[in-house]
Amino acid sequence: MADRDGGSFAPTRHNRQWRLAARPDGPVKDSDFSLVESVVPEPRAGEFVIRTLYLSLAPVMRQYMIDGAGIERPMSIGDVMYGRGVGQVVASNHPGYRVGDVVHGKLGWQDYAVSDGAPDKLMFKVRATDLPASTALGVLGITGFSAYVGLLDIGRPKTGETVLVSGAAGGVGSVVGPLAKIAGCRVIGLAGTPEKRAMLTERLGYDAAVDYRSPDLGRAIEAVAPAGIDLFFDNVGGPVLDAALEHINRYARVVSCGRISQYVSGHSYRLANWWRIGRQRAKMQGFFVYDFVDRFPEAEERMAGWIREGRLPYIEDVLDGIERMPAALRRLFEGQNMGKQLVRVAEPLDLG
Ligand SMILES: NC(=O)c1ccc[n+]([C@@H]2O[C@H](COP(=O)([O-])OP(=O)(O)OC[C@H]3O[C@@H](n4cnc5c(N)ncnc54)[C@H](OP(=O)(O)O)[C@@H]3O)[C@@H](O)[C@H]2O)c1
């Protein structure tokens, strides 16, 4: 299942690159980026060239622009914007990659990337070639793997439990819900618009959806989860996390995946209800998806199987054209994206 936006995009023989022009101060602005045309790279010995098909958008990218987010080498002004993409190998001097292979990895915001396939590039061959290439950035990419390891390895859901998910209509959250349903749980999603909440219950199998901007969020959660929350998968942090803590059950697990509500302000919200963790003998744990790289093959194989069986719906929000990358990034912070935010850069070539 995929949502497509009918914008314009044109194939290119140049290498268009989005570069960092200024570090964001507040919301990201067009002037924080510059679009330049460069030459298409040639592979040296041990290298291969990837032609980008889709690029992924993630909230962490804003932080990459500032200090690398503690994950990446801090960017210099003029660097190609960091980001993952999926693409076709179009030239190769690397024994492990052939022309026509479809890979996802750290391609950067550009039409063509060159790689040596070193482990730190986190380059993976797409194995589910029967499914759309875009899935390698969403449900079958780092986004889906975050949902998989966060929910299953950290959250450890049990059949019959009640799971609450914040940011439920976003990239990660839109995968957590269906996975929790497969695990036999009752699943409630928090999302910001009526359209998103309808998407959760009508298309993603959520049992209930709640507006996290409700004047009394605690009461709104209680209304749909009168027996409390056994597992909270949190993408948002701040007051939403505080409200959820009020309703956790004994031995609950709180999975701290992200805290997008705090990213732009830089403000660190002080929790009032942290004491509920102790009172309820609960556990709160964060995780970093790349620490689970050895789990990705299992996650990919199982989730691809569930997609083929029709048990794992997924939603992509696709804009057309690399020129729309900055606007696509802004959509995450403005709450405009429904499901995984992607930009389609090019159609696949027939390299057979
Ligand atoms: N731990 C890890 O290894 C890991 C890996 C991947 C992602 N993450 C984190 O997981 C979270 C989700 O990532 P994603 O890529 O799937 O992004 P995403 O959920 O698609 O992010 C965009 C959504 O966040 C919500 N949002 C934006 N500003 C908000 C605010 N101030 N308060 C509440 N909600 C807000 C909006 O939905 P509404 O309309 O519903 O507000 C928006 O549509 C992020 O925090 C990300 O950093 C962590």
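Residues numbered from 1 in each chain as written. Predicted model: local features only at pLDDT ≥ 70, side-chain atom pairs only at ≥ 80, totals over all residues. Heavy atoms only, no water.

### A closer look at the pattern of salt bridges
Just so we agree on the cut-off: Within this document, salt bridges are pairs made up of a side-chain nitrogen of Lys or Arg and a carboxyl oxygen of Asp or Glu, the two lying within 4 Å of each other. Going along the chain from the N terminus, every DSSP run of H or I of four or more residues is numbered as a helix, and every run of E of two or more is numbered as a strand. The classification of residues rests on relative accessible area computed with a 1.4 Å probe and restricted to protein chains. Under 20% of the type maximum is buried, over 50% is exposed, and intermediate values are partly exposed.
Tallied over the full model, the rule gives 24 salt bridges. Of the charged contacts, one joins Arg-302 and Glu-298 as a salt bridge, the two residues approaching to 3.8 Å between their closest N and O atoms. Taken together, the residues span about one helical turn, with Arg-302 and Glu-298 both in helix H9 (residues 296-308) at a distance of four residues. On the accessibility criterion, Glu-298 (32% relative accessible area) is partly exposed. One salt-bridge network, held together by shared partners, links Asp-153, Arg-295, Glu-298 and Arg-302.

### Section: the site of the ligand
The cut-off we apply is this: Only a single heavy atom is needed: when it lies within 4 Å of a molecule or strand, its residue is near that molecule or strand. The definition of a polar contact used here is a pair of N or O atoms within 3.5 Å, where within protein one atom must be able to donate a hydrogen and the other to accept one, and adjacent residues in sequence count solely through side-chain atom pairs. Using a 1.4 Å probe, accessible areas were evaluated by the Shrake-Rupley method; residue-level cover was limited to the displayed protein chains. Charged means Asp, Glu, Lys or Arg here, nonpolar means Ala, Val, Leu, Ile, Met, Phe, Trp, Tyr, Cys or Pro, and polar covers whatever is left, Gly included.
Around the ligand there are 24 residues in total, and Val-172, Lys-196, Tyr-212, Val-289 and Asn-337 lie nearest to it. A distance of 2.9 Å is found between an oxygen atom of the ligand and a backbone nitrogen or oxygen belonging to Gly-171. In the environment of the ligand, an oxygen atom lies 2.6 Å from a nitrogen or oxygen atom belonging to the side chain of Asn-337. Contact with the protein chains removes 87% of the 920 Å² of surface that the ligand exposes when unbound. Going through the elements one at a time, helix H7 (260-263) and helix H10 (325-333) are the ones with two or more residues in the shell around the ligand. It is H7 that contributes the most residues to the shell around the ligand, three residues altogether. By residue class, the composition of the shell around the ligand is 13 nonpolar, nine polar and two charged.

### A few points about the packing of helix H2 (residues 142-155) against helix H3 (residues 173-182)
Just so we agree on the cut-off: Geometry is summarised by axes, namely lines fitted to C-alpha atoms with helices restricted to the contacting stretch, and by angles between N-to-C directions that run from 0 to 180 degrees. Roughly parallel refers to an angle under 35 degrees, roughly antiparallel to one over 145, roughly perpendicular to one between 65 and 115, and oblique to any angle outside these ranges. In a left-handed crossing the near helix is turned counterclockwise from the far helix by less than a right angle, and in a right-handed crossing that turn is clockwise. Here a residue-residue contact requires only that any non-hydrogen atoms of the pair lie within 4.5 Å.
Their axes nearest at 8 Å, the elements H2 and H3 cross at an angle of 45 degrees. When the axis of H2 is compared with that of H3, the two are oblique. For the pair H2 and H3, the crossing hand works out as right-handed. Taken together, the residues of H3 that come into contact with H2 (itself represented by Gly-144, Ala-147, Tyr-148 and Leu-151) are Val-175, Val-176, Leu-179 and Ala-180. Across the contact of H2 with H3, the residue classes tally to seven nonpolar, one polar and no charged.

### Structural notes on the packing of aromatic side chains
Here is the rule we go by: Only Phe, Tyr and Trp rings take part, Trp by its six-membered ring, and two of them pair if their centres are within 6.5 Å. Stacked means planes under 30 degrees apart, edge-to-face means over 60, and tilted covers everything else. Each ring is checked for a lysine NZ or an arginine CZ that lies within 6 Å of its centre and within 35 degrees of its normal; such an atom marks a charge sitting over the ring.
Using the criterion set out here, one finds eight aromatic pairs in the structure. Measuring from ring centre to ring centre gives 4.0 Å for Phe-48 and Tyr-97, while their planes differ by 15 degrees; the resulting arrangement is stacked. Linking Phe-48 in strand S4 (residues 48-56) with Tyr-97 in the loop between strand S5 (85-92) and strand S6 (102-105), this pair joins segments that are 49 residues apart in sequence. Phe-48 gets classed as buried once you look at its relative accessible area, which sits at 0%. Tyr-97 sits in the buried class, given a relative accessible area of 11%. Measuring from centroid to centroid gives 5.9 Å for Tyr-64 and Tyr-82, while their planes differ by 70 degrees, and the two rings are edge-to-face. In this pair, Tyr-64 sits in helix H1 (residues 60-67) while Tyr-82 sits in the loop between H1 and S5, placing the two residues 18 residues apart along the sequence. The buried category is assigned to Tyr-64, whose relative accessible area is 9%. Its guanidinium or amino end placed over the ring of Tyr-290, Lys-106 lies 6.0 Å from that ring's centre, counting from NZ or CZ. The cationic tip of Lys-125 hangs over the ring face of Tyr-97; the distance from NZ or CZ to the ring centre is 5.1 Å.

### Comments concerning the environment of Val-149
Tracing the backbone through its elements, the reader meets Val-149 in helix H2. Note: C-alpha distance between Val-149 and Arg-295 (146 residues apart in sequence) is 7.7 Å. Not counting the four nearest positions on each side in its chain, Val-149 is found in contact with Ile-154, Phe-287, Val-289, Phe-292 and Arg-295.

### Focus: H10
With seven of nine residues buried, H10 lies mostly within the body of the structure. Burial in H10 covers these residues: Met-325, Pro-326, Ala-328, Leu-329, Arg-330, Arg-331 and Leu-332. Gly-335, located one to two residues past H10, shows a positive phi value of around 70 degrees.

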